[in-house]
Amino acid sequence: MRQILTVAVLLFIGIATSLTANAQVVDGTYRVEAGAVSALPPGQIAILVDQLIMGDESIIRVSDETPVFLLRARHVTAGNSTEIVAKGRNGQDPGDNGRNGPTIILMFENVDNVRGLTVSSIGGDGAKGTQGRRGSRGHDADCNSARSAGNGGRGDRGGRGGNAGNGGRVFLILPRDSQGYGISMIARPGNPGNGGEGGEGGPGGNWAECLLWDHGYGDNGARGEAGPRGEEGEWGGFRAYTVANFQEETLTERLTDIIAVLNEGGYSGDADALQAVLNAGGLRYD
């Protein structure tokens, strides 16, 4: 029997590890049991398998460190409410932007029974902005100069939230005679980060007890304004292609078209990663 072929390309974070225990790959079958989540390892990954079987409400989750994921299966069975989910990495530090959603490419040679499969590539969420600095402290009252205590300074405005990552690209390659398959695709942006909180107002100056009169405390300063929310991301895109056969030449031609689409859409990094998969022989079965 044919064995699964996994191609890991050294582009971003080194050699990808094997699939987790939830992704049971036995004798060329990638099976995700009903209700289970198969979390794929990070890296640039292409998986070629004889059979993909997903039970009802099962999920294949692509790592947020994987820019491109390619899955080729000769036979596909998916139950109700199944998902292949990819999401760009969320902003990590205050004010960081979310990353764009990954590029997902699915090549299904025979759609045996797919009831409800949703394939999504969602942009990462922007991080919350930095908190504004605290306002300055008011000066103390001074009997010698008859100076009253000063008010605290206003807190600084909070930092801008990170921008949302754009939705990714989802490409589906099916046989020309496919009919009635239940596959939907989503490529929405992430959520922009909220602006950081305004800085606290500075404390008022201390009072002083003078010979002829007392000088009271200064007032605390006002809190600064919250920072602006990050910018909204853009929707990605999805396309379904049909091919007459799944010969290597045909698939290489179609993936070359996808590389061109990625380059034209500003996803040159994903295009380069996909080209690396092709160069590494990422379409061939052993």
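Not measured: the values here are computed from a predicted model.

Rules of the game
Residues numbered from 1 in each chain as written. Predicted model: local features only at pLDDT ≥ 70, side-chain atom pairs only at ≥ 80, totals over all residues. Heavy atoms only, no water. Pairing = 2+ DSSP bridges. Helix = DSSP H or I, 4+ residues; strand = E, 2+ residues; numbered from the N terminus. Axes fitted to C-alpha atoms, helices over the stretch in contact; angles between N-to-C directions. Expected span 1.5 Å × (residues − 1). Buried < 20%, exposed > 50% of the residue type's maximum accessible area, 1.4 Å probe, protein only. Arc of directions from axis to C-beta. Contact = heavy atoms within 4.5 Å. Salt bridge = Lys/Arg side-chain N within 4 Å of Asp/Glu carboxyl O. Phe/Tyr/Trp six-rings, centres within 6.5 Å; stacked < 30°, edge-to-face > 60°.

Asker: Would you mind going over the sheet that holds strand β4 (residues 37-39) with me for this structure?
Answerer: Sheet strands associate in pairs through backbone hydrogen bonding, adopting either a parallel or an antiparallel arrangement. Taken together, the five strands give an open sheet; going across it, the order is β4-β6-β8-β10-β12, and neighbouring strands pair in parallel fashion. Lying at the two open borders of the sheet, with one neighbouring strand each, are β4 and β12 (183-186). Taken over all neighbouring pairs, the strand axes of this sheet differ in orientation by 15 degrees on average, direction set aside. Pairing between strand β10 (residues 117-122) and β12: four bridges, direction parallel. Counted as the bridge partner of L117 is I183 from β12.

Asker: Even after reading the chapter, I still don't get helix α1 (residues 248-264), so can you show me in this structure?
Answerer: One turn of the α-helix equals 3.6 residues, which is why residues spaced by three or four share an orientation. For α1, which comprises 17 residues, the first-to-last C-alpha distance of 24 Å matches the rise-based estimate of 24 Å (1.5 Å per residue) to within 8%. Of all the positions in α1, only L251, L255, I258, I259, V261 and L262 are classed as buried. One face of α1 carries all of its buried residues, which in axial projection span an arc of 160 degrees. Exposed residues pointing more than 90 degrees away from the buried face of α1 are listed as E249, E253 and E264. Among the structural elements, β7 (68-78), β9 (103-114), β11 (169-175), β15 (237-243) and α2 (268-279) are those in contact with the buried residues of α1. Looking one or two places after α1, you find G266, whose phi comes out positive at around 85 degrees.

Asker: Mind showing me how you'd approach the pattern of salt bridges here?
Answerer: On inspection of all chains with the given rule, the structure shows nine salt bridges. Its salt-bridge partner being R133, residue D156 comes within 3.0 Å of it at the nearest N-O pair. Of this pair, D156 sits in the loop between β10 and β11 while R133 sits in the loop between β10 and β11, and the two are 23 residues apart along the sequence. Judged by relative accessible area, which is 30%, D156 ranks as partly exposed. Accessibility expressed as a relative area gives 64% for R133, which makes it exposed.

Asker: Just to check I follow, could you spell out the packing of aromatic side chains for this structure?
Answerer: Two aromatic rings, taken as a pair, are described by how far apart their centres are and by the angle between their planes. Tallied over the full model, the rule gives one aromatic pair. For the ring pair F171 and Y241, a centre distance of 6.4 Å and an interplane angle of 20 degrees mean the geometry is stacked. Of this pair, F171 sits in strand β11 while Y241 sits in strand β15; the two residues are 70 residues apart in sequence, bridging distant segments of the chain.

Limitation: the analysis is restricted to geometry and does not speak to function.
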